[in-house]
Amino acid sequence: MELIPGLPDDLARECLSRVPCEEFSSVGSICRGWKAEIESPAFLSQRRSTGQSQALVVLAQARPNPAERPDSPKQLLPPVCLLSVFEPLTGRWTDLPPPPGCTNGLPRFCRLAAVGMELVVVGGLDPFTWEASAAVYIYSFLSGKWRRGNDMPVRDRIFFGCASDGERTLFVAGGHDTDKNALRSALAYDIRGDRWVPVPDMAIERDECRVTFRGGEFVVVSGYTTDAQGKFERSVEAFNVATWSWRPVEENILDAHTSPRACVEGGPGDDSLYALRKSGGDVAALRGSAWRSVANLPADVTSQTHVLRWCDKLIVFGWGSEGRSDDAVFVLDLCSSKWTKMEIPEGYSGAVMEGCVLEI
Amino acid sequence: MSEGIMAVVKPEMKSYIWLQTVDGSIQQVEEEVAMFCPMIYREVIQTGMGSSKNYAILLPQRVNPSILGSILDYCRFHQVQGRSNKERKTFDEKFIRMDTKRLCELTSAADSLQLKPLVDLTSCALARIIEGKTPEEIRETFHLPDDLTEEEKLEPLRNISDDPRIRLLNRLYARKRKELKEREKLKNAEVEEDRVDERSVDDLLSFINSRDGDAKGVKTSKGKKKNRRRKDQKDSSSTKDDETIQKELDTSPSTKRNGEINNILEANPSRSANAQDFSSGSFSPKLEPDDGFMDDDLDPAMKEELDREVEDFARRLNSGWPERMQEILSLGQEKKSISSAIVDNGSSRTCISLNQR
């Protein structure tokens, strides 16, 4: 059965791949052929390679607690963690509903990762009990539904670094346990098989580290040890997936005052590591072993909560010179080194705790 | 001309290429038009075929005479150098207005002739058709079986595609997205850019009009439409650099309430109060076509709500951008027709309120 009668399949694919992501669930409900087509990995890779894909930014934000009543100011409830989807190209913000049952939002300080057409939410602090959460929630942009993945084997880990290779593996490293001991351990999650796989320990403990995926390796950036609380390491450690082992620690990579949260990987084909350097007032890229300044860091971007790479731009969430009431999105075009500021619409302001980019 | 002899090309005569379609019929086509097709070009250059009736180039099986006619019309237009992007876009929009079956044939034929720009155009058109229809309509249009069980069907659209306005908004978003992508690429292109924008919304509207089979609607509201559109166009096309484009984007629909439009993302239950205020997507006057068009589809209650939305939005727009409004108003004064467009139309209230500020 042809995908579209009267059209060779490869051309039918061309047509289907040009349909916007909002229509995926519709396309998948037409017939068996179309459903199989849209669910195939080839569909997504064709969309990406022909530039038809849409890059969505998914954010976990701290939003006002809906249970908080404005008339009783004494009752200050902590903010809830909710997801939003931001499309920088159109400036459009939409809500992404939390998983069913998560009436108090998602676990606070959870980590996000994008794999294919799915968003994975892992870890964080349970919104009710404030205990470390081992839950794994997966949202499919194809079906518009949430599901649970297998919990993390060890529940006691928060503020870890997390990244995905975009295909099937999620990598978790470092963090700390309930006694605030920094962790050296790491784990990998196979999304297709829904199982957690052990990974050898890192060389040192890394609390609050950041994990990026570059060149077939999960690179763990910075973090601090139990004894040196808050003193971020300047080293990085890379885990090679092919050899399933860690490469030796690379010392003195980061600048003295750069936090791992100000670091972000380059895109496909760009093996650099980018960092916002407050001390230098610039944005720099690490290629090989040398840092090179690529743009200024405008005085406007005084405080940054999260940095993401989106297409060939860096998106910085933070607040401008007016302080916390002036939260905005700053976009740096890496080609032109120009910054643009975008306002955040009413209802979507809230500190960005985590974010990831989905290209679908 | 006797058949056995190769045609002698005199300098003042046009040269022709001979083409043969699968049904056996042979025709001659102006050389520059035929050579626009890579497949024909290659045949001529590599094998020397096509210079006479006896040596006509045999076209692929997927190209029948009628489709060939369309393809050659396309080539005839586009092979002319010096046409502006706007002209080409206008032509393309009109060109692809045909039934789905013919569009499929055209895609197939263009592909066999390796005419990639036309394949892109037609596949986009087909994607737009898919985008605008409900699953039932899609099955009917493309003759597809309904062979999935209810469980297998993915999240069904929540009445969203039944509302023509939301479908329109989705289309406009997609179009805006594309336009912005293109604009980014052509950032330093010619001044014609401005006018490209104008035409694209123009044609989008009449395209949508004709697709919804409402030819009458086109005629009656055309006058009013043109003026609103021109005013809106000045808005979106007057800015070229990033910053102002971003500012423009920022005032895009109070997008919190666009939850419903994105039919994959459900509206957040804690925001349901807002969702209910508002039966469908909110609109940015910049993207929205003239209310005159909408009137044909809506009942008075919806229309009123729409008007309120637009007014509210316009007010917010005004308070933020006094300078921009001055610009728009001064343009509005130049185009006297805006005042004549204010007839017995819901949009008149909006026009007036904008002018008064």
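What counts, and where the lines are drawn
Residues numbered from 1 in each chain as written. Chains lettered and ligands numbered in written order. Predicted model: local features only at pLDDT ≥ 70, side-chain atom pairs only at ≥ 80, totals over all residues. Heavy atoms only, no water. UniProt positions renumbered as here; feature names shortened; annotations may be inferred. Helix = DSSP H or I, 4+ residues; strand = E, 2+ residues; numbered from the N terminus. Buried < 20%, exposed > 50% of the residue type's maximum accessible area, 1.4 Å probe, protein only. Pairing = 2+ DSSP bridges. Axes fitted to C-alpha atoms, helices over the stretch in contact; angles between N-to-C directions. Expected span 1.5 Å × (residues − 1). Polar contact = N/O pair within 3.5 Å; in protein donor to acceptor, adjacent residues only side chain to side chain. Parallel < 35°, antiparallel > 145°, perpendicular 65-115°, else oblique. Left-handed = near helix turned anticlockwise from the far one by under 90°. Contact = heavy atoms within 4.5 Å. Nonpolar A, V, L, I, M, F, W, Y, C, P; charged D, E, K, R; others polar.

1. Points about the UniProt feature "domain: SKP1 component dimerisation" (unreviewed entry) in chain B
Working step 1: Residues annotated by UniProt as "domain: SKP1 component dimerisation" (unreviewed entry) correspond here to residues 116–153 of chain B.
Working step 2: With 63% helix and 0% strand, the stretch residues 116–153 of chain B has end C-alpha atoms that lie 34 Å from each other.

2. Here we look at the pairing of strand S8 (residues 161–164) of chain A
Working step 1: Because side chains alternate across S8 of chain A, one face comprises the buried residues Gly161 and Ala163 of chain A, and the other comprises Cys162 and Ser164 of chain A, equally buried.
Working step 2: In textbook terms, the turn of a hairpin is the stretch between consecutive antiparallel strands, and for S8 of chain A and strand S9 (residues 169–173) of chain A this stretch comprises 4 residues, one of which, Gly166 of chain A, has a positive phi near 85°.

3. A closer look at the sheet that holds strand S4 (residues 111–115) of chain A
Residues and elements named next belong to chain A.
Working step 1: Ordered in space as S4-S5-S6-S7, the 4 strands form an open sheet in which the pairing is antiparallel. Since the sheet does not close on itself, it has two edges, and those belong to S4 and strand S7 (145–149), each with one partner. Taken over all neighbouring pairs, the strand axes of this sheet differ in orientation by 25° on average, direction set aside.
Working step 2: Pairing analysis gives 5 bridges linking strand S5 (residues 118–122) to strand S6 (residues 136–140), with the strands arranged antiparallel. By the bridge assignment for S6, Glu118 is matched with Ser140.

4. Overview of the UniProt feature "domain: F-box" (unreviewed entry) in chain A
Working step 1: Taking the numbering used here, the UniProt-annotated feature "domain: F-box" (unreviewed entry) corresponds to residues 5–43 of chain A.
Working step 2: When the span residues 5–43 of chain A is considered, its composition is 59% helix and 0% strand, and the gap between its end C-alpha atoms is 19 Å.

5. Focus: helix H3 (residues 65–78) of chain B
Residues and elements named next belong to chain B.
Working step 1: Between its terminal C-alpha atoms H3 stretches 20 Å, which fits the 20 Å expected from 14 residues at 1.5 Å a residue.
Working step 2: Those residues of H3 not exposed but buried are Ile67, Leu68, Ser70, Ile71, Leu72, Tyr74, Cys75, Phe77 and His78.
Working step 3: Taking the backbone nitrogen of Ser66 as reference, a side-chain oxygen 3.1 Å away marks Asn64 as the first, capping residue of H3.

6. Observations concerning unusual backbone geometry
Working step 1: Here the phi dihedral of Ser222 of chain A falls at roughly 60°; this positive angle occurs in a residue that is not glycine.
Working step 2: Structurally, Ser222 of chain A can be placed in the loop between strand S13 (217–221) and strand S14 (236–240).
Working step 3: Exposure remark for Ser222 of chain A: the relative accessible area of 0% places this residue in the buried category.
Working step 4: The backbone of Gln114 of chain B shows a phi angle near 60°, a positive value even though the residue is not glycine.
Working step 5: If you trace the backbone, Gln114 of chain B turns up in the loop between helix H5 (100–112) and helix H6 (116–131).

7. Quick word on the packing of helix H1 (residues 9–16) of chain A against H6 of chain B
Working step 1: Where H1 of chain A meets H6 of chain B, the closest approach of the two axes is 8 Å, and the angle between their N-to-C directions is 60°. When the axes of H1 of chain A and H6 of chain B are compared, the pair comes out oblique. Along this stretch, H1 of chain A crosses H6 of chain B, giving a crossing that reads as right-handed. Contacts from Leu11, Glu14, Cys15 and Leu16 of chain A in H1 of chain A reach Val119, Ser123, Leu126, Ala127 and Ile130 of chain B in H6 of chain B.
Working step 2: By residue class, the composition of the contact of H1 of chain A with H6 of chain B is 7 nonpolar, 1 polar and 1 charged.

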